Amino acid sequence: MRRLLAGLAVGTFLAAASACGSSDDSGTSDKGTSSGGTTTVKVGIIPIVDVAPLYLGRQKGFYGKRGLKLSMTTAQGGAAIVPGVVSGQFQFGFSNMTSLMIARSQNVPVKAVANGVASTGLAGKDFGAITVKKGSALTSAKDLEGKKVAVNTLKNINETAVRESVRKAGGDPSKVKFVELAFDQMPAALDSGQIDAAMVVEPALATVKSQGGTEIASSLVDVAKDLTVAMYFTSTQYEQKNPDVVKRFQEATAESLAYADAHPDEVRSIVTSYTKIPAAVLAKVTLPKWPAEPNRASIEALEKLGEQDGLFKSAPDLDALLP
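Let me sum up the structure you'll find in this document. The model shown is predicted, which means the values in this text are computed figures rather than measured ones.

Structural notes on the overall build of the chain
Helix and strand counts for the chain stand at 15 helices and eleven strands. Within the chain, the fraction of its 323 residues that count as buried is 56%. About 12,900 Å² of surface is accessible on the chain, with carbon and sulfur atoms providing 50% of the total.

Shown next as structure tokens:
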């Protein structure tokens with residue numbers, strides 16, 4: 001198990017945990033202790049627009065009224081969060097579906113418990129895209145052959161999505177040179193020419209556009225219609241030992257997702273509390289969808305692409321992974 005977790009983290013977890021901040025307002029211990037009827041749960045997240053519903057839900061009291069206090073810690077990507085959840089450092093985490101499926105395929109005991117975020121399904125109007133700098137000669141995903149393309153973590157949903165865009169454009173994805181870079185570092189790296197393209201999500205996507213960058217492919221849309229991009233998860237051990245806490249987290253998260261979907265202006269406002277995006281750029285952020293339930297068909301499509309790209313030694317058991 002120790003080797004499996006080390007492989008999943010790809011060396012990023014410890015660096016991410018030490019380099020990234022925490023929005024812990026609880027002052028309690030790491031293990032979800034109860035005090036005065038309130039249970040503090042630590043949640044590993046990525047500082048992107050996807051997780052705005054959690055911050056909104058905490059602000060609106062959706063978790064508090066169910067006896068939960070959220071303590072959120074940021075990391076670079078889902079591959080770095082999985083080991084933290086399985087080791088018990090976090091009770092819950094946010095991760096892209098590919099990283100969760102890789103974990104399940106290696107018998108790492110993770111269980112998705114609540115929907116996370118979904119693509120808009122609209123090419124050119126999604127919250128994630130392959131982008132290039134102003135004036136770039138690259139105009140389609142096929143042009144990425146032999147080029148340096150940034151993704152937030154290697155072997156995750158964004159790498160899979162870029163590969164699919166390249167395929168659909170008639171190119172060879174095996175010729176793309178993937179590099180790992182945090183989302184918030186991508187705009188500057190792209191603008192300075194350190195990378196040729198970047199698979200970014202909001203709010204980094206809006207930042208790239210504010211620099212004059214352009215989209216050349218809507219990769220999440222290329223994977224599947226209305227793709228379930230990420231979900232909130234826990235360890236199977238934690239779920240078995242704390243079913244009531246998991247149920248309350250599920251209920252509060254469902255309420256938070258619905259609220260975020262119905263209040264886009266409040267989503268934009270809350271994003272400023274955990275990112276450094278300027279107000280002028282924030283107004284141009286494309287929001288994702290936050291549906292109540294995951295899209296099983298889209299996850300199955302993502303699974304097939306993962307198998308095609310050799311991410312899974314054996315197919316993950318989706319029934320064991322999904323709620």
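Remarks on the sheet that holds strand 6 (residues 128-132)
With respect to topology, five strands assemble into an open sheet ordered 8-7-9-6-10, the strand pairing being mixed. Bordering the open sheet on either side are strand 8 (177-180) and strand 10 (214-217), each of which pairs with just one other strand. Shown here is a sheet whose adjacent strand axes are inclined to one another by a mean of 40 degrees, direction ignored. Sheet topology note: the strand 6/strand 10 ladder contains three bridges and is antiparallel.

A look at the pattern of salt bridges
The final tally for this structure, using the stated rule, is 13 salt bridges. Taking the shortest distance from any N to any O, the salt bridge between Lys60 and Glu266 comes out at 3.0 Å. In this pair, Lys60 is assigned in helix 3 (residues 52-60) and Glu266 in helix 12 (residues 264-271), connecting sequence segments 206 residues apart. The exposure class assigned to Lys60 is partly exposed, which follows from its relative accessible area of 37%. By relative accessible area, which is 25% here, Glu266 ends up partly exposed.

With respect to the packing of aromatic side chains
One pass over the full model with this rule turns up seven aromatic pairs. Taking the centre distance of 5.7 Å and the plane angle of 80 degrees together, the rings of Phe92 and Tyr238 count as edge-to-face. Here Phe92, found in strand 4 (residues 92-96), pairs with Tyr238, found in helix 10 (residues 236-241); they are 146 residues apart in sequence, far enough to count as distant. In this pair, the class of Phe92 matches that of Tyr238, namely buried. Ring centres 6.2 Å apart and planes at 75 degrees place the aromatic pair Tyr232 and Phe249 in the edge-to-face group. Linking Tyr232 in strand 11 (residues 228-235) with Phe249 in helix 11 (residues 243-262), this pair joins segments that are 17 residues apart in sequence. No difference in accessibility class separates Tyr232 from Phe249, as the two residues are buried.

As for the side chain of Thr153
Turning to its location among the elements, Thr153 is positioned in the loop between strand 7 (148-151) and helix 6 (157-168). A distance of 3.0 Å separates a polar atom in the side chain of Thr153 from a polar atom in the side chain of Asn156. Here Thr153 is in contact with Gln76, Gly77, Ala79 and Glu180, once residues within four sequence places are set aside.

With respect to the environment of Ile277
Tracing the chain through its elements places Ile277 in the loop between helix 12 and helix 13 (279-282). Under the relative-accessibility criterion, Ile277 is labelled buried at 10%. Distance in space between the C-alpha atoms of Ile277 and Ala206 is 8.9 Å, their sequence separation being 71 residues. Residues within four places of Ile277 in sequence aside, it is in contact with Pro203, Val271, Leu282 and Val285.

Focus: the packing of helix 6 against helix 14 (residues 296-308)
Here helix 6 crosses helix 14 at 80 degrees, and the two axes come no closer than 10 Å. Considering the angle they form, helix 6 stands roughly perpendicular to helix 14. Of the residues in helix 14, those in contact with Ile157, Thr160, Glu164 and Arg167 of helix 6 are Leu302, Leu305 and Gln308.

Side note on the side chain of Thr253
Tracing the chain through its elements places Thr253 in helix 11. Only 2.9 Å separates the side chain of Thr253 from the side chain of Tyr63, close enough to count as a polar contact. Look past the residues within four positions of Thr253 in its chain and what remains in contact with it is Leu54, Tyr63, Ala114, Asn115 and Tyr232.

What to know about the packing of helix 3 against helix 12
Close contact between helix 3 and helix 12 brings their axes to 9 Å; oriented N to C, the two are set at 95 degrees. The orientation of helix 3 relative to helix 12 falls into the category roughly perpendicular. Of helix 12, the residues touching helix 3 (which contributes Ala52, Tyr55, Leu56, Gln59 and Lys60) are Glu266, Val267, Ile270 and Val271. Per-class residue counts for the contact of helix 3 with helix 12 are six nonpolar, one polar and two charged.

What to know about helix 3
Within the sequence span of helix 3, burial applies to Ala52, Pro53, Leu54, Tyr55, Leu56 and Gly57. Tucked into the core, helix 3 has its buried residues touching strand 2 (38-45), strand 3 (68-74), strand 11, helix 11 and helix 12. Phi turns positive one or two residues past the end of helix 3, at Gly61, with a value near 85 degrees.

Side note on the environment of Leu205
Tracing the backbone shows Leu205 in helix 8 (residues 204-210). Using a relative accessible area of 0% as the deciding quantity, one classes Leu205 as buried. Each C-alpha atom of the pair Leu205 and Val285 lies 7.5 Å from the other, and the pair is 80 residues apart in sequence. Residues contacting Leu205, with those up to four places away along its chain left out, are Asp126, Phe127, Gly128, Ala129, Thr131, Val200 and Glu215.

Here is what the cut-offs are and how they apply
- Every chain's residues receive numbers from 1 upward, in the order its sequence appears when written.
- Local features in this predicted model are restricted to residues whose pLDDT is 70 or higher, and side-chain atom pairs enter the listing and the counts only when it is 80 or higher, whereas totals over whole chains, interfaces and linings include all residues.
- Remark: hydrogens and water are excluded; side-chain values derive from all non-hydrogen atoms of the structure.
- Put simply, DSSP marks the helices as runs of H or I at least four residues long and the strands as runs of E at least two long, and each gets a number from the N terminus on.
- Burial classes: relative accessible area under 20% of the type maximum marks a residue as buried, over 50% as exposed, and values in between as partly exposed (1.4 Å probe, protein chains only).
- Only the protein chains shown count as cover for residues, and the accessible areas themselves come from Shrake-Rupley with a 1.4 Å probe.
- Strand pairing is defined by DSSP finding a minimum of two bridges between the two strands.
- Axis lines are fitted to C-alpha atoms, over the contacting stretch for helices. Their N-to-C directions set the angle, which ranges from 0 to 180 degrees.
- The term salt bridge refers to a side-chain nitrogen of Lys or Arg lying within 4 Å of a carboxyl oxygen of Asp or Glu.
- Note on aromatic contacts: the rings of Phe and Tyr and the six-membered ring of Trp form a pair at centre separations within 6.5 Å, being stacked when their planes are under 30 degrees apart, edge-to-face when over 60 apart, and tilted otherwise.
- Polar contacts here mean pairs of N or O atoms no more than 3.5 Å apart (in protein, one a potential hydrogen donor and the other a potential acceptor; neighbouring residues in sequence count only if both atoms are side-chain atoms).
- Contact definition: two residues touch when any of their heavy atoms are within 4.5 Å.
- Here is the rule for angles: anything less than 35 degrees is roughly parallel, anything more than 145 is roughly antiparallel, 65 through 115 is roughly perpendicular, and the remaining ranges are oblique.
- In the scheme used here, Gly and all other residues not listed as nonpolar or charged are polar, with Ala, Val, Leu, Ile, Met, Phe, Trp, Tyr, Cys and Pro taken as nonpolar and Asp, Glu, Lys and Arg as charged.

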